[in-house]
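Here is what each chain is made of, one letter per residue.
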Amino acid sequence: MITSAEQMRAYTGPVLFSFGFRPFFLCGAVLAWFAPMLTALAYSGAIDLRGFDVNAFHSHEMTYGYLSAVIAGFLLTAVPNWTGRLPVCGWRLAILFLIWLAGRAAFLMSGQIGPLATAIVDLGFLALLTAFVWREILKGKNWRNVPVGVLLTLFFLGNILWHVGRNGVGEPVFGVRFGIAVAAMLIALIGGRIGPSFTRNWLKKTGRKDLPPTAKPVELVALGAAAIGLAAWVMAPLSAGTGALLLVAGVLHSVRLSRWHGWRTFAEPLVTILHVGYLWLPISFFLMGSAALWPALVPQSAALHALTAGSIGVMTLAVMTRATRGHTGRALSADRATFVIYALAILGAAGRVLAPFAGAQAPVFYVSSALLWSGAFGLFAVVYGQYLLSSRLVAR
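This structure is a prediction, so every number in the text was calculated from the model and none was measured. (Residues numbered from 1 in each chain as written. Predicted model: local features only at pLDDT ≥ 70, side-chain atom pairs only at ≥ 80, totals over all residues. Heavy atoms only, no water.)

A. Just the overall build of the chain, in detail. Along the chain, the regular secondary structure elements total 14 helices and zero strands. Along its sequence from the N terminus, the chain presents helices and strands in the succession α-α-α-α-α-α-α-α-α-α-α-α-α-α. Taking 2.2 N^0.38 as the reference for a compact globule, 396 residues should give roughly 21 Å; the C-alpha atoms of the chain span a radius of gyration of 20 Å, in line with that estimate. In the chain, which comprises 396 residues, the proportion classed as buried is 54%. Of all intrachain contacts in the chain linking residues separated by at least 6 positions in sequence, the fraction that spans at least 24 positions is 77%. Counting 29 positive and 11 negative side-chain charges, the chain places the averaged centre of each group 11 Å from the other. (Helix = DSSP H or I, 4+ residues; strand = E, 2+ residues; numbered from the N terminus. Rg over C-alpha atoms; globule rule 2.2 N^0.38 Å. Buried < 20%, exposed > 50% of the residue type's maximum accessible area, 1.4 Å probe, protein only. Contact = heavy atoms within 4.5 Å. Lys, Arg positive; Asp, Glu negative; His and termini not counted. Charge placed at Lys NZ, Arg CZ, Asp CG, Glu CD.)

Take a look at the structure:
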């Protein structure tokens, strides 16, 4: 039976469709660059979109557009490694990508084609991706990653709920909150694997002997607390009970992160950024819990963007840069451009969290943070786009 490596060597089609991370990381980054800038410019009055629903566009496309692309790029690359089965490439990958792209076009034209047609086109992508992941998990008997399949299914459900709400049953904001909560759990689950694993590997490579401890019960307790707290937040974001649960989750995930020894990785930003991205998760739990308990002190928008722009944004860039470098044959070390990408994303997220506290200067914070954060993805598209569009380097 042909192996994944043999299939990759035998592939002769367009480089862009030789592996799942290539088209989805590139175009997901382009969307993450475009959407926040469009929203910020519209809110500032710099452009007039003539009735286009900017709120709907921003909330949906940042959750189920850009993020679904990054998730797809990661899973289409990781699942074959998990299961030992062949990856999706060539015409099958091209069709899957075109379905994702059709969803983005449908949303931009939703005023002309209507919400029902938009929903049908948009939902097709996550339906196919979810079916693929479950097929691979079941056929490969990869039971360890059943939770990933469950979370992806829930993410798809969140998109369904968004479209149902937009068509008049419930509220679209519930579907967005649902999807964001699932994304946070994916970060807690997968980030909790790759963060300590890559840290241990790098410390070993540099000759360190005092390695971070392996998984302990605190890992499962922290995941459970996050799941309970996020479920409560989805159903009742302003409840005092929700606030208390999220504060507990924040404490447990702070303890969890501290066990990974991230402070020992500052010499390699490609590893450090995994810890920084994960750090935003307990920060967001603390802010979300505080917003529920003390809404007069902590605005909900600040807490929400700590999770979205902070944890999700920084962690997706951490995964995209590392996976791209590794799978295109580049050194697993951050160059200057990569460091700038990380800095822009962190500063942009921090500015967006601080904006509601800025009073009269808030518009400046909103626009500048959007430019910084989206600029990180724009720079990724320019710098890493060269790697994504070119053949894998061959070691000499």
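B. Molecular detail of the layout of surface pockets. Quantified by volume, the largest pocket comes out at close to 1100 Å³. What lines the largest pocket is a set of 43 residues, among which H58, L304, H305, T308 and R352 lie closest to the centre. Elements supplying a minimum of two residues to the lining of the largest pocket: α2 (21-44), α3 (54-83), α7 (146-166), α8 (172-205), α11 (269-293), α12 (300-327), α13 (336-354) and α14 (362-388). The residue makeup of the lining of the largest pocket, split by class, is 27 nonpolar, twelve polar and four charged. Within this model, the second largest pocket holds a volume of roughly 910 Å³. I190, R193, I194, S197 and F198 are the residues nearest the centre of the second largest pocket, which is lined by 40 residues in total. Listing elements by their share of the lining of the second largest pocket, those giving two or more residues are α2, α3, α8, α9 (217-235), α11 and α12. It is α8 that contributes the most residues to the lining of the second largest pocket, twelve residues altogether. Broken down by class, the residue content of the lining of the second largest pocket amounts to 21 nonpolar, nine polar and ten charged. (1 Å grid on protein atoms, 1.4 Å probe; cavity = no way out; pocket = protein on both sides within 12 Å on 5 of 7 lines; lining within 4 Å. Points joined across faces, edges and corners; volume = space filled by probe spheres on them. Nonpolar A, V, L, I, M, F, W, Y, C, P; charged D, E, K, R; others polar.)

C. Expanded view of the side chain of R322. Along the chain, the position of R322 falls in helix α12. Buried charge without a salt bridge: R322, with E268 as the nearest opposite-charge side chain at an N-O distance of 7.0 Å. Leaving out residues up to four positions away in the same chain, R322 has contacts with F198, L270, V271 and L332. (Salt bridge = Lys/Arg side-chain N within 4 Å of Asp/Glu carboxyl O.)

D. Empty space enclosed by the protein, seen in detail. Taken as a whole, this structure holds one cavity of 30 Å³ or more when the rule is applied. Estimates place the volume of the largest cavity at around 270 Å³. Lining of the largest cavity is provided by 17 residues; of these, I71, F74, L186, I187 and I190 occupy positions nearest its centre. In terms of residue count, the dominant contributor to the lining of the largest cavity is α8 (six residues). Class assignment of the residues belonging to the lining of the largest cavity gives a composition of 15 nonpolar, two polar and no charged.

E. Focus on the nonpolar core. Residues F24, Y66, L76 and F380 are the most contacted members of the largest nonpolar core, which totals 112 residues. Per element, the largest residue contribution to this core is 15 residues, and it comes from α3. In contact with F24, not counting residues within four places along its chain, are A69, A72, G73, L76, L93, L96, F97, W100 and F125. (Core = buried A, V, L, I, M, F, W, Y, C linked by side-chain atoms within 4.5 Å.)

F. Structural view of α13. A rise of 1.5 Å per residue sets the reference length of α13, with its 19 residues, at 27 Å; its end C-alpha atoms lie 27 Å apart and thus fit the reference within 8%. For α13, the set of buried residues is T338, I341, Y342, A345, G348, A349, G351, R352 and V353. In this fold, the buried residues of α13 make contact with α11, α12 and α14. (Expected span 1.5 Å × (residues − 1).)

G. Representation of α14. Taking 1.5 Å per residue, 27 residues should reach 39 Å; α14 reaches 37 Å between its end C-alpha atoms and fits that length. Within α14, the axis deviates most sharply at V382, by approximately 35°. (Bend = angle between axes of the 7 residues up to and from the residue.)

H. Structural detail: the packing of aromatic side chains. As enumerated under the stated definition, the model contains 19 aromatic pairs in all. Considering the side-chain rings of F21 and F25, the 6.1 Å spacing of their centres and the 55° angle between planes classify their relative orientation as tilted. Of this pair, F21 and F25 both sit in helix α2, four residues apart, which is roughly one turn of that helix. Grouped by ring-pair contacts, the aromatic residues F17, F24, F97, W100 and F125 constitute a single cluster. Above the face of the F107 ring, R166 is positioned so that its terminal group lies 5.1 Å from the ring centre. Its guanidinium or amino end placed over the ring of F198, R322 lies 3.8 Å from that ring's centre, counting from NZ or CZ. (Phe/Tyr/Trp six-rings, centres within 6.5 Å; stacked < 30°, edge-to-face > 60°. Lys NZ or Arg CZ within 6 Å of the ring centre and 35° of its normal.)

The values are spatial; any link to function lies outside them.
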